[in-house]
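Fold and contact review
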Amino acid sequence: MKKLFFIISFLVLLLPAYAQESTDALNSKPILLGQWQTPQVNISGKLKMHGLPLSPSLKIFMLKDSLIDISVRAPLVGEAGRLVLTPDSVTLVNKMNKIYSKEGISDFLKYYPGGISDVQDLLLANFFLPGFNLGDINLEDLVDIYYVNDQYNVIPKGEAEIPGIVYGFIVDEYFNPLTLVVLPESNPDIEIDAFYNFSVPRISNELEGDYSIQLIYQEANKALKIDLDLKKPQWGGESPKPLEVSKKFRQVSLSDFLHNF
């Protein structure tokens, strides 16, 4: 994947008219920006991950720009785990192992280009540029667009670049993300990918059906793969009860928490 982006960059240098045709083609379609219909949204689904004996259910609640609350529930057990993400911190709880971790948001998102709003866009299968409201910008000033194999490769440039991180999208003709690739420059052994699949073609701002996101974290010879099979988002609804961590639970580092997941 990393080689692909370098090859595309060379194509643009050699064939600028080819790249311009790609931009013109995209401009003929409405770019979907994933507008929020209400300040809150609920998403249900399933979690699949190597090592888990079952596929736990997920309940995701998000409050725009301020909260992501994910409850992981197992049959006959109830809530087995919880993740609460705010603009400042992340708290993870494993009720089965009676441990929890609380870290600053910058530590948790060390290799992710953006903040809580961009994580929300990822979970809603929206295209995003960290720190930008896409409704208020000229997209051509912030990305290069290359047409390869019937897909559009979108690489941020200028103000949309993030020091220390190279990232880019593969999108369809409506700017629905198909793939997100993140490459931390400080650690060339790490690559983070997100792959999207839609059960119903998305040609409007609202998702019309279920969708899935496969997250892959690769480091040297290790790989962590998480599959999220998600239902169509339900706008509005009630927020979950605030997270309360039992005093009997042991606090561990984020790294130790993930090793015990």
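All figures in this text were calculated on a predicted structure; none of them were measured in a lab. (Residues numbered from 1 in each chain as written. Predicted model: local features only at pLDDT ≥ 70, side-chain atom pairs only at ≥ 80, totals over all residues. Heavy atoms only, no water.)

1. A word on the overall build of the protein chain
- In terms of helices and strands, the protein chain carries 5 helices and 15 strands.
- Expressed as a percentage of its 261 residues, the buried residues of the protein chain come to 43%.
- As displayed, the protein chain offers around 14200 Å² of accessible surface, 53% of which is attributable to carbon and sulfur atoms. (Helix = DSSP H or I, 4+ residues; strand = E, 2+ residues; numbered from the N terminus. Buried < 20%, exposed > 50% of the residue type's maximum accessible area, 1.4 Å probe, protein only. Areas by Shrake-Rupley, 256 points an atom, 1.4 Å probe, with all protein chains shown as cover.)

2. Points about the pairing of strand 4 (residues 78-85)
- For strand 4, the tally of buried residues reaches 7 of 8 residues, placing the bulk of the element in the interior.
- The antiparallel hairpin formed by strand 3 (residues 67-74) and strand 4 contains 3 residues in its connecting segment, where L76 sits at a positive phi of about 65°.
- By the bridge criterion, 5 bridges tie strand 4 to strand 5 (residues 89-94) in an arrangement that is antiparallel. Looking across to strand 5, one finds that V84 is bridged to T91.
- The hairpin turn running from strand 4 into strand 5, its antiparallel successor, is 3 residues long. (Pairing = 2+ DSSP bridges.)

3. A look at the confidence of the model for the protein chain
- Residues at a pLDDT of 70 or more form 86% of the protein chain, whose mean pLDDT is 84.
- Confidence drops under pLDDT 50 across residues 6-21; counting only partners more than four residues distant or on other chains, this segment forms 10 contacts. (pLDDT = per-residue confidence, 0-100. Contact = heavy atoms within 4.5 Å.)

4. Some details on the nonpolar core
- Core analysis: the largest hydrophobic core is formed by 56 residues, its most contacted members being M62, L123, F127, L129 and L180.
- For M62, the contacting residues outside a window of four places in its chain are W36, P39, Q40, V41, I43, L67, I68, Q120, L123 and L124. (Core = buried A, V, L, I, M, F, W, Y, C linked by side-chain atoms within 4.5 Å.)

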